[in-house]
Each structure stands twice: as structure tokens, then as C-alpha cells.
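Summary of structural features
As a plain string of letters, each chain reads:
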Amino acid sequence: MPACVGVSRSGLALRAQRLKGVMSSAVWIAFALLLLLEGLPLLVTPARWREVVRRVSSLADGQLRFFGLLMVLIAGAVLFYSARN
């Protein structure tokens, strides 16, 4: 039997609207955390940040791609495991 049996269309629309609001909130919270984590080193240690950027810019393309791949895989694993729970 389908899960929506006994639930009116307006009830489904209300649930969809709530879910949309929750997802929208989660996206804004994630964006705010991203800005916080990206901006904190600039605020606290700008000279150190500049040195890190200088070092990263001297890396070869293959090294940068490897670190990019590593970050994408870690982020994917975190999202996968958080979605399972």
C-alpha cells in the first residue's frame, strides 16, 4: 500500500512546503558555516594565510588536482554517512 494513502493532497503539499523550508534553512546554515570557516584564518592570521596561498600557488597542477579529489571524496563520504543516519 502506498505511503500517501489516507493523506490528502493538501497534507502532502504542506509536508512538501515544510521540507522545502527545512532544506532552505540547511543550505543557508551550510553557506554561513562555509563563510565562517573561510573567513576565520583571514581575520586571525592574515600573514600566515598569505604564506599558505603563496605555497599552494607554487604546487604543480597534478598536486592540486589530487588535493581537490581528496577533498571531494571526503565531502562525499561525510554526506553519504550523514544521509544514512
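Our structure's up above, just so we're on the same page.
Parameters and conventions
- Residues numbered from 1 in each chain as written.
- Predicted model: local features only at pLDDT ≥ 70, side-chain atom pairs only at ≥ 80, totals over all residues.
- Heavy atoms only, no water.
- Salt bridge = Lys/Arg side-chain N within 4 Å of Asp/Glu carboxyl O.
- Helix = DSSP H or I, 4+ residues; strand = E, 2+ residues; numbered from the N terminus.
- Phe/Tyr/Trp six-rings, centres within 6.5 Å; stacked < 30°, edge-to-face > 60°.
- Buried < 20%, exposed > 50% of the residue type's maximum accessible area, 1.4 Å probe, protein only.
- Patch = residues over 30% accessible without salt bridge, like charges linked within 9 Å, V, L, I, M, F, W, Y side chains within 5 Å.
- Areas by Shrake-Rupley, 256 points an atom, 1.4 Å probe, with all protein chains shown as cover.

**What to know about the pattern of salt bridges**
- Summed over all chains, the structure comprises two salt bridges.
- A salt bridge links Glu-51 to Arg-55, with the nearest nitrogen and oxygen atoms 3.4 Å apart. Of this pair, Glu-51 and Arg-55 both sit in helix 2 (residues 46-57), four residues apart, which is roughly one turn of that helix.
- Each of Glu-51, Arg-54 and Arg-55 takes part in a single network of salt bridges with overlapping partners.

**Overview of the packing of aromatic side chains**
- Evaluation of the coordinates by the stated rule reveals three aromatic pairs.
- On the basis of an interplanar angle of 75 degrees and a centroid distance of 5.3 Å, the ring pair of Phe-80 and Tyr-81 is categorised as edge-to-face.
- Residue classification places Tyr-81 among the partly exposed residues on the basis of a relative accessible area of 49%.

**Let's talk about a nonpolar patch on the surface**
- A cluster of nonpolar residues, Ile-29, Leu-33, Leu-36, Leu-40, Leu-43 and Val-44, forms a patch on the protein surface that exposes about 610 Å² of accessible area.
- Examined against the element boundaries, Leu-43 turns out to sit in helix 1 (residues 9-44).

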